[in-house]
Amino acid sequence: MEADNGGRPGPETPPGTLQKQDRLRERQPVNMTKAAPARPAVAEGDIRASDADRDRVAEILREALAEGRLDPEEHAERIDTVYRAKTMGELEPVVRDLPAAGAGRAQPGPDAYVYGPGAPVPDQNLVAIFSASVRKGRWQAPARINAVAFFGSVEIDLTEAVFPQQQVQINVTAVFGSVEIRVPENITLRSSGSGILGSFEVETHDAEDTHAPQVLVGGYAVLGSVEAKPKRGAWIRDLRDRLREGHRELREERRERHEQLRAGRHEWHERRRAERRERRDRFRGGTDA
């Protein structure tokens, strides 16, 4: 027989438990919002290009020009395309047939040195006999440079040079002449030369970065002078900043030229409209008479 508990609920069903659970479920808010649809993936070629992307492609073109892969006309055409490009897909074809900037060179980070890829650069001879020979500006420094000054002067400026290899050997012979060598401040400069009744002065310097270019100056000076030292304030990595600044100035110049052309076209159209209105008014005045 079942125990008579007077109509009271048993211990397994506490009073009001089911009713409380029902009320709690009724109070819980119902999420009526729908999940936002996933954004469609954007193709890589459709991504908008930034100024840094354009500068990176322009750097590849600049190196290709320095290496002889592009002639000046091709370089100008491609540079114009680069700074008119709006997406990454428009930039990629410009350098599709060129090696990437700095491919295959060991460098510690994004601010590394400007080693250039490509075939080895042939040795270069700078000879000054009763004359002067100068090599400076943006140029590719070969692995070996032979400088001969005989009653003349030779100037070698490497402060803006591209270094396809890490080490550059400069062999100097100065007889009653002078040889002057300038290098960037953040490279290694060493000497193994001597002076015979002359001066052979090389301001040796070891760069903190082991990956920095190394310039070794050897040879002799007979009744002449040889001087090699870093150019203060000239750093290889600073060259990239100057190039980027030059690209920005070029873009600004092109924008200004474009605005001038657009303003000129607008003025020409306004003048044409005014002439048409004037002819129309004269024609109407003649017919009314």
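Participant: Looking at this structure, how should I read the nonpolar core?
Facilitator: A general trend in soluble globular proteins is that nonpolar side chains are found buried together. With 28 residues, the main nonpolar core has Ile156, Leu158, Ile170, Val179, Ile181, Val215 and Val217 as its most contacted residues. Listed by contribution, the elements that provide at least two residues to this core are strand 1 (124-129), strand 3 (144-150), strand 4 (153-157), strand 5 (167-175), strand 6 (178-183), strand 9 (199-202), strand 10 (214-222) and strand 11 (225-230). Sorting elements by how many residues they give to this core places strand 5 first, with 4 residues. In this structure valine 179 touches Ala147, Ala149, Val154, Val172, Ala174, Ser225, Val226 and Glu227, once residues within four positions along its chain are discounted. The next biggest cluster of nonpolar side chains, apart from the first, holds 15 residues, and it includes Ala58, Ile60, Val82 and Leu91.

Participant: How do you make sense of the pattern of salt bridges when you look at a structure like this?
Facilitator: As a working rule, side chains carrying opposite charge can pair if their charged atoms are close by. One pass over the full model with this rule turns up 9 salt bridges. The shortest N-O distance in the salt bridge between glutamate 227 and arginine 182 comes to 3.3 Å. On the criterion of sequence distance, the pair formed by glutamate 227 in strand 11 and arginine 182 in strand 6 is long-range, its members being 45 residues apart. The exposure class of arginine 182 is buried, given its relative accessible area of 15%. Linked through salt bridges whose partners overlap, the residues forming this network are Glu180, Arg182, Glu227 and Lys229.

Participant: Help me understand the side chain of threonine 188 in this model?
Facilitator: Mapped onto the fold, threonine 188 is located in strand 7 (residues 188-191). Its relative accessible area of 5% is what places threonine 188 among the buried residues. Other than its neighbours up to four places away in sequence, threonine 188 contacts His205, Asp206, Ala207, Pro213, Gln214 and Val215.

Participant: Quick question: what am I supposed to make of the sheet that holds strand 4 here?
Facilitator: Overall, parallel pairing links the 5 strands, which are arranged 2-4-6-11-9 in an open sheet. Each having just a single partner strand, strand 2 (132-135) and strand 9 make up the two edges of the open sheet. Across the sheet, the axes of successive neighbouring strands diverge by a mean angle of 5 degrees, strand direction being ignored. Both strand 9 and strand 11 contribute to a ladder of 4 bridges, which runs parallel. When the sheet's bridge partners are listed, valine 202 is paired in strand 11 with alanine 228.

Participant: Is there a simple way to explain a nonpolar patch on the surface in this structure?
Facilitator: Taken together, the side chains of Val127, Ile129, Phe130, Val148, Phe150, Phe151, Phe176, Ile196, Leu197, Tyr220 and Leu223 define a hydrophobic patch exposed on the protein surface, amounting to about 1100 Å² of accessible area. Of all the elements in the fold, those that place two or more residues in the nonpolar patch are strand 1 and strand 3. Among the residues examined, isoleucine 196 registers a relative accessible area of 45% and is labelled partly exposed.

Participant: Just to check I follow, could you spell out unusual backbone geometry for this structure?
Facilitator: Notably, phenylalanine 151 is not glycine yet its phi reads approximately 55 degrees, a positive angle. With respect to the helices and strands, the residue phenylalanine 151 is situated in the loop between strand 3 and strand 4. Note on phenylalanine 151: relative accessible area 37%, which makes it partly exposed. Even without being glycine, phenylalanine 176 reaches a positive phi, approximately 55 degrees. Topologically, phenylalanine 176 is positioned in the loop between strand 5 and strand 6.

Participant: Can you help me understand a negative patch on the surface in this one?
Facilitator: A grouping of Asp71, Glu73, Glu74 and Glu77 is seen on the molecular surface, where their side chains present a negatively charged patch. Residue position: glutamate 73 is located in helix 3 (residues 72-84).

Participant: So what exactly am I meant to see when it comes to helix 2 (residues 51-67) here?
Facilitator: Residues separated by three or four positions in an α-helix point in the same direction, a consequence of the helix having 3.6 residues per turn. Spanning 17 residues, helix 2 covers 24 Å between terminal C-alpha atoms, matching the ideal 24 Å at 1.5 Å per step. Among all positions in helix 2, only Asp53, Arg54, Asp55, Val57, Ala58, Glu59, Ile60, Leu61, Arg62, Glu63 and Ala64 are buried. At the C-terminal side of helix 2, glycine 68 shows a positive phi close to 85 degrees.

Participant: Help me out: how do you make sense of the packing of helix 2 against helix 3 in this one?
Facilitator: Contact geometry of helix 2 with helix 3 gives a least axis separation of 10 Å together with a crossing angle of 175 degrees. Regarding the angle of helix 2 to helix 3, the classification is roughly antiparallel. Note on element contacts: helix 3 touches helix 2 through Pro72, His75, Arg78, Ile79, Val82 and Tyr83, opposite Arg54, Asp55, Val57, Ala58, Leu61, Arg62 and Leu65. Looking at side-chain class alone, the contact of helix 2 with helix 3 contains 8 nonpolar, 1 polar and 4 charged residues.

Participant: Can you help me understand the pairing of strand 3 in this one?
Facilitator: Residues in a regular strand point their side chains to alternate faces of the sheet. Alternating residues of strand 3 divide into Ile145, Ala147 and Ala149, all buried, and Arg144, Asn146, Val148 and Phe150, none buried. As defined by bridge partners, strand 1 adjoins strand 3 across 6 bridges and the pair is classed as parallel. Looking at the pairing, alanine 128 lines up with alanine 149 of strand 3. Sheet analysis places strand 3 next to strand 5, joined by 7 bridges and oriented parallel. Its bridge partner lying in strand 5, isoleucine 145 is registered against isoleucine 170.

How each quantity is defined
Residues numbered from 1 in each chain as written. Predicted model: local features only at pLDDT ≥ 70, side-chain atom pairs only at ≥ 80, totals over all residues. Heavy atoms only, no water. Core = buried A, V, L, I, M, F, W, Y, C linked by side-chain atoms within 4.5 Å. Buried < 20%, exposed > 50% of the residue type's maximum accessible area, 1.4 Å probe, protein only. Helix = DSSP H or I, 4+ residues; strand = E, 2+ residues; numbered from the N terminus. Contact = heavy atoms within 4.5 Å. Salt bridge = Lys/Arg side-chain N within 4 Å of Asp/Glu carboxyl O. Pairing = 2+ DSSP bridges. Axes fitted to C-alpha atoms, helices over the stretch in contact; angles between N-to-C directions. Patch = residues over 30% accessible without salt bridge, like charges linked within 9 Å, V, L, I, M, F, W, Y side chains within 5 Å. Areas by Shrake-Rupley, 256 points an atom, 1.4 Å probe, with all protein chains shown as cover. Lys, Arg positive; Asp, Glu negative; His and termini not counted. Charge placed at Lys NZ, Arg CZ, Asp CG, Glu CD. Expected span 1.5 Å × (residues − 1). Parallel < 35°, antiparallel > 145°, perpendicular 65-115°, else oblique. Nonpolar A, V, L, I, M, F, W, Y, C, P; charged D, E, K, R; others polar.

In short, the description is geometric, and any link to function would need to be established separately.
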